[in-house]
Amino acid sequence: MLRRVKIDWADLPDPRNLEAPYPPPERLHPGLNEINAETFPAFLDEIGLVGMGGSGFPTAAKISAALGAHTLVVNGVECEPGVTIDQAVLLNQALWVAAGAHASAKAVGATHIILAVKNDPDLVSELRGLYPDFEIATFSEKYPAGAEKLILKKLTGKTPPPGARPHQFGYLVQNVVSLRAIGRALVDGVPVIERPLTLAMPSTGFYKNIIVPVGVPIRELVERHELPYDPAVHILSNSGLMMGREAALDDPVEKTTLSILVLRRDTAWRDERPCVRCGACDAACPLGLNPFTLAERVRKGKTNSAAFKGQMTECFLCGVCSAVCPSDIPLVQTLEKGKQCL
Ligand code: SF4
Ligand code: SF4
């Protein structure tokens, strides 16, 4: 299971650098004045934007649902271990991120923008200079602090009820890379054809934040950066240890790809053993769900009860339960199947 890989990311080079294949933009969102609630969703569909924080949900629908929100939250609480692409984009491409944020806020009528980031004083001080008109809110960097529901909980001071969405509380939460994509389209007329991502091979110390074309095969990234990938020894992870999945060399980079990690197989896989009823998965679930019980119900096909469906709807497949399980039980993979029963 990828979720149990232990990597000492502290030894890696500064993750804040971003290798971009073009110069930074010079103009400032000339179309911002023309943005309004009627035209903005169609513009987002036209540029092909989906949630680039990993959800893949069409952004136009999210914006339409959030009309009337008072606050836009720029979600930069990047908490997947070793993935720092949101941070790199925030620090290196502020003009695009700010343009996308202002446009989104204007479209839904939000008068307040909060930049949500991890609690790192140096980072916060740099961001204050780059985004002077955003309020900065800091969050734990412990996974899964960047989940929308947990951000909402901190901002409102209350646990959102099951099934609640941020717009029901007056918030629109947008990922940094999605906002960058909006800004890129507004400033330069470039639709969603690029994907910023972290490319890393921890066992060799290789670590880079880069921008690549959507659709490029992972093979090309591995070869271009001369990574010594050997399928007998390594496994490819698309989008992190916690929420990510195993990828093949010829898989393309998608709009939702946060990272490509080349990991050693011997650290990535361990066989499942029987549950020891330790309760660690229940204790670790950030939503207070009962992962083992849910997974047992999925395995036994007992998925019709309202209680099961309520908990399953809440679960956002963060993988924390799998990560803490001492028996390496693939809880989150089973819960993914449970989602199909809803
Ligand atoms: S994946 Fe596990 S820890 Fe995460 S929300 Fe679902 S049940 Fe809870
Ligand atoms: S953490 Fe693993 S071993 Fe412990 S109760 Fe949950 S499923 Fe069982």
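Residues numbered from 1 in each chain as written. Chains lettered and ligands numbered in written order. Predicted model: local features only at pLDDT ≥ 70, side-chain atom pairs only at ≥ 80, totals over all residues.

Undergrad: Can you help me understand the overall build of the protein chain in this one?
TA: Across its full length, the protein chain holds 14 helices and ten strands. For 342 residues, the compact-globule estimate of 2.2 N^0.38 gives 20 Å, and the C-alpha radius of gyration of the protein chain, at 20 Å, lies within 12% of that figure. Oriented by its inertia axes, the alpha-carbon framework of the protein chain measures out at about 60 × 50 × 35 Å. Buried residues in the protein chain amount to 39% of all 342 residues. Within the protein chain, contacts between residues separated by at least 24 positions form 72% of all contacts whose residues are at least 6 apart in sequence. (Helix = DSSP H or I, 4+ residues; strand = E, 2+ residues; numbered from the N terminus. Rg over C-alpha atoms; globule rule 2.2 N^0.38 Å. Buried ≥ 20, exposed ≤ 12 C-beta atoms within 10 Å, placed from the backbone. Contact = placed C-beta atoms within 7 Å.)

Undergrad: Mind showing me how you'd approach the environment of Ala-284 here?
TA: Inspection of the secondary structure puts Ala-284 in helix 10 (residues 280-284). Among the residues examined, Ala-284 registers 15 C-beta atoms within 10 Å and is labelled partly exposed. Distance in space between the C-alpha atoms of Ala-284 and Val-324 is 7.3 Å, their sequence separation being 40 residues. Ignoring sequence-local partners within four residues, the contact set of Ala-284 consists of Val-320, Cys-321 and Val-324.

Undergrad: I would appreciate a short explanation of the site of ligand 1 in the present structure.
TA: For ligand 1, the set of nearby residues contains 13 residues, the closest of which are Cys-285, Pro-291, Cys-315, Cys-318 and Cys-321. Looking at the shell around ligand 1, the elements that each hand over two or more residues are helix 13 (320-324) and helix 14 (331-339). (Near = placed C-beta within 6 Å.)

Undergrad: Is there a simple way to think about the site of ligand 2 in this case?
TA: What surrounds ligand 2 is a group of 14 residues, the closest being Cys-275, Cys-278, Ala-280, Cys-281 and Cys-325. Residues of the shell around ligand 2, tallied by class, amount to eleven nonpolar, two polar and one charged. (Nonpolar A, V, L, I, M, F, W, Y, C, P; charged D, E, K, R; others polar.)

Undergrad: So what exactly am I meant to see when it comes to the pairing of strand 3 (residues 112-118) here?
TA: Side-chain direction in a regular strand flips from residue to residue, so the side chains alternate between the two faces of the sheet. Relative to strand 3, strand 2 (residues 71-76) runs parallel, the two being bridged by six bridges. Residue pairing across strands places Val-73 opposite Ile-114, the latter belonging to strand 3. Across five bridges, the pairing between strand 3 and strand 4 (residues 135-139) is parallel. Directly across from Val-117, in strand 4, lies its bridge partner Thr-138. Taken together, strand 3, helix 5 (residues 121-130) and strand 4 form a β-α-β motif whose crossover is right-handed. (Pairing = 2+ DSSP bridges. Right-handed = clockwise from strand over helix to strand, strands pointing away.)

Undergrad: Just checking my understanding: could you explain the sheet that holds strand 5 (residues 171-175) for this structure?
TA: The strands making up a sheet are joined through hydrogen bonds of the backbone, oriented either antiparallel or parallel. If you trace the four strands from one edge of the open sheet to the other, you get 4-3-2-5, paired in parallel fashion. Since the sheet does not close on itself, it has two edges, and those belong to strand 4 and strand 5, each with one partner. Shown here is a sheet whose adjacent strand axes are inclined to one another by a mean of 25°, direction ignored. In this fold helix 7 (residues 176-188) packs onto strand 2 and strand 5, with an angle of close to 85° to the strand it touches most, strand 5. (Axes fitted to C-alpha atoms, helices over the stretch in contact; angles between N-to-C directions.)

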